[in-house]
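# Residue-level structural notes
The primary structure of each chain is shown beneath.
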Amino acid sequence: MDTDKIIEEGKFKDIESLKKEVSQIMLDSNYSTYSFNTYKFSGFYRARKHNHIEGSVNQGILKKFVNEKEFWNVPKDFAKIGRCNLENESIFYCANDILTAILEVKPDVDEFVTISRFKNSFPDKLYKVQPLAKRFLSQIPVLKEKLFKKYPFDIKHTECEDFFEKLFFQDIDKEEDNYKYKYSIALAHLFFTDTTNEKEVFQTHALLYPSIARNNKSFCFAIRPWIVNSFFEIDTIQTVQVLDKTNEYIKIKLLRNGFKNGLKIYPADKFNITWYICPKSEKNIEILNL
């Protein structure tokens, strides 16, 4: 299978055509979905980079981050095409650890990043999570220990796994290359499609895939927004500045902490934030090894 050629030829195809194409690739390989139907989220991290400590400056105008809604999923009217979503389609992207969350937004030196940790308000709730590029995910230590102990990899799926890994390992920086996301979006749409039997509807709540920003040592989630809004809330908010960045580490400085002005009761609850500037101290500077 020439994956590069397939991706290039998909540039001018619509998503419905690509979904049929991907379905046929999986069908030809007798590909098994192997989803986790009893996954429990302990929490996750979401980051947003910006060009001013208090928010985002655009055309000389500062928009301060006043409300926690700034750190949830992007409203669909502002959503750009991404790994698992079309333009104007909102998906909640997050990472399993703080370093991965920071790296996923690709900050430059001197830029600011605000990281929110989301906690599970219903820790016993079970979720259906679909792993993508599962052959590679099964080699990440924490996943290998907790989820893939009995992973039944079938050699007949090799070609399919090669294709999926190619889709999720693409490092796309230029806007003109965004069409390369189309096949991973088609795959995400397939797995986010509800299935039914005679009695009930089955819905995938989240997709699990490797983090290319972390050299595939960690992983990310793409979650249906209503899931996060209904069952999770922000636990901590911190703004850092990137002081240095290499292929081996990222050096950050903690600048401020944010605290929500309220306790979440209903899914739509979003509160204003009170910010506290951190004192100048070497203790607030940290080097995170990649």
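It should be emphasised that the depicted structure is a prediction, and the values quoted were computed from it without experimental measurement. (Residues numbered from 1 in each chain as written. Predicted model: local features only at pLDDT ≥ 70, side-chain atom pairs only at ≥ 80, totals over all residues. Heavy atoms only, no water.)

### Topic: the pairing of strand β6 (residues 112–120)
- The buried count for β6 comes to 7 of 9 residues, which makes it a mostly enclosed element.
- Here strand β2 (residues 43–50) pairs with β6 via 8 bridges, running antiparallel. Bridge assignment links His 50 to a residue of β6, and that residue is Phe 112.
- Relative to strand β12 (residues 232–245), β6 is paired through 9 bridges, and the arrangement is antiparallel. Each residue of the ladder has a partner; that of Phe 112, found in β12, is Gln 241. (Buried < 20%, exposed > 50% of the residue type's maximum accessible area, 1.4 Å probe, protein only. Helix = DSSP H or I, 4+ residues; strand = E, 2+ residues; numbered from the N terminus. Pairing = 2+ DSSP bridges.)

### Some words on the packing of aromatic side chains
- Tallied over the entire structure, the rule returns 26 aromatic pairs.
- Seen in terms of ring centroids, Phe 44 and Phe 232 are 4.9 Å apart; in terms of plane orientation they differ by 40°. Their pairing is tilted. Of this pair, Phe 44 sits in strand β2 while Phe 232 sits in strand β12, placing them 188 residues apart in sequence. (Phe/Tyr/Trp six-rings, centres within 6.5 Å; stacked < 30°, edge-to-face > 60°.)

### Section: helix α7 (residues 182–191)
- Burial of α7 is extensive: 9 of the 10 residues sit out of reach of the surface.
- Those residues of α7 lying buried are Lys 182, Tyr 183, Ser 184, Ile 185, Ala 186, Leu 187, Ala 188, His 189 and Phe 191.
- As for α7, its buried residues are in contact with α1 (3–9), α2 (15–28), β7 (127–131), α6 (158–168) and β10 (206–210). (Contact = heavy atoms within 4.5 Å.)

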